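In case you want the letters, here they are:
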Amino acid sequence: MADLNSSAPRSNPSRATCEDIIKRILMTEVLEKGTNEHFKTASDFMSYFQSLYPASDSLTKQVQRAVKSLHMPKDERGYFIINKTEAQLDQDKEIAFLMKKNKAVVETFVEYETLFLKLEGNHKDYLYQLLSESETFAEKVITIVNSSNGLIFYTKNKQQLEILINSLINR
């Protein structure tokens, strides 16, 4: 006897299934292209869902519900952003704004050398402040990191910085 269900149309997917499929579609898009450049609304997902399930108003509504329940923010062009909340997106925008305002530039530390100044006592934070503001050290130090038991200096000329520090220690 023939299986009666084999030719029956497939039923609509659950909202959770739709959510999973939408997430997979968007993650694939981002992994392949670096960003979502195709999906702005629930209807943009319909061709994929209609290739798997019979087209119907209930399928459309299920996909719309899934998109809505995912609470995906959109980028400035209106495309969905996967795996970020509105709060994360707002924070990213604020970070970007402050980086631009402060003329941020990424520099690798490949060409920099480090020097560690081990310190004991209670005045490490004050010494850090003085060194950070020092005109004498300004041209010799890229940055100073206040660590748990001393100060870490990043410099382009470790030998020159070491001579300067030792001259002050041995005064």
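Please refer to the structure higher up on the page.
Definitions and cut-offs
Residues numbered from 1 in each chain as written. Predicted model: local features only at pLDDT ≥ 70, side-chain atom pairs only at ≥ 80, totals over all residues. Heavy atoms only, no water. Pairing = 2+ DSSP bridges. Helix = DSSP H or I, 4+ residues; strand = E, 2+ residues; numbered from the N terminus. Axes fitted to C-alpha atoms, helices over the stretch in contact; angles between N-to-C directions. Contact = heavy atoms within 4.5 Å. Core = buried A, V, L, I, M, F, W, Y, C linked by side-chain atoms within 4.5 Å. Buried < 20%, exposed > 50% of the residue type's maximum accessible area, 1.4 Å probe, protein only. Parallel < 35°, antiparallel > 145°, perpendicular 65-115°, else oblique. Left-handed = near helix turned anticlockwise from the far one by under 90°. Salt bridge = Lys/Arg side-chain N within 4 Å of Asp/Glu carboxyl O.

A.B. asks: Please explain the sheet that holds strand β2 (residues 143–147) as it appears in this structure.
C.D. replies: The antiparallel open sheet is built from three strands, whose spatial order is β1-β3-β2. Each edge of the open sheet is held by one strand with a lone partner, namely β1 (113–118) and β2. Averaged over all pairs of adjacent strands, the angle between strand axes in this sheet comes to 20 degrees, irrespective of strand direction. Bridge count between β2 and strand β3 (residues 150–155): five bridges; the pairing is antiparallel. Along β3, the bridge assignment pairs Ile144 with Phe153. Along the sheet face, helix α5 (residues 124–133) touches β1, β2 and β3 and points at about 175 degrees away from the line of β2. Relative to β1, helix α7 (residues 158–169) is tilted by about 15 degrees, and along the sheet it contacts β1 and β3.

A.B. asks: Can you help me understand the nonpolar core in this one?
C.D. replies: Grouped burial of nonpolar side chains is what soluble globular proteins tend to show. Of all hydrophobic cores here, the largest spans 19 residues; its most connected members are Ile22, Leu26, Phe45, Phe49, Val63 and Met72. Ignoring sequence-local partners within four residues, the contact set of Phe45 consists of Ile22, Ile25, Leu26, Phe39, Val63, Val67 and Phe80. Among the nonpolar cores identified, the runner-up in size contains 11 residues, and Leu117, Leu131, Val141 and Ile165 belong to it.

A.B. asks: What is the right way to read the pairing of β3 from this model?
C.D. replies: On any regular strand, side chains alternate: one points to one face of the sheet, the next to the other face. The element β3 is extensively covered by neighbouring structure, given that five of its six residues are classed as buried. The pairing of β1 with β3 spans six bridges and is classified as antiparallel. Each bridged residue has a counterpart across the sheet, and for Glu113 the counterpart in β3 is Thr155. What sits between β2 and β3 in their antiparallel hairpin is a turn of two residues.

A.B. asks: Is there a simple way to explain unusual backbone geometry in this structure?
C.D. replies: Most peptide bonds are trans, and most residues other than glycine sit at a negative phi. The phi dihedral of Asn83 falls on the positive side, at around 65 degrees, and the residue is not glycine. In this fold, Asn83 is placed in the loop between α3 (57–70) and α4 (86–101). The exposed category is assigned to Asn83, whose relative accessible area is 58%.

A.B. asks: What is the right way to look at the packing of helix α1 (residues 15–33) against α3 in this model?
C.D. replies: Two elements in contact, α1 and α3, have axes separated by 8 Å at closest approach and are oriented at 70 degrees. What the angle tells us is that α1 and α3 run roughly perpendicular. In the crossing of α1 with α3, the sense of the turn from one axis to the other is right-handed. Seen from α1, the contacting residues are Arg15, Cys18, Glu19, Ile22 and Lys23; seen from α3, they are Gln62, Val63, Arg65, Ala66, Val67, Ser69 and Leu70.

A.B. asks: What is the right way to look at the pattern of salt bridges in this model?
C.D. replies: Opposite charge on two side chains allows them to pair when their charged atoms are near. Tallied over the entire structure, the rule returns five salt bridges. Arg15 serves as the salt-bridge partner of Glu19, at 2.9 Å between the closest nitrogen and oxygen. You can see Glu19 and its partner Arg15 sitting in helix α1, four residues apart, about one turn around the helix. The exposure class assigned to Arg15 is partly exposed, which follows from its relative accessible area of 41%. We note a salt bridge from Glu111 to Lys156, for which the minimum N-O separation is 3.1 Å. Separated by 45 residues along the polypeptide, Glu111 in the loop between α4 and β1 and Lys156 in the loop between β3 and α7 bring together distant segments of the chain.

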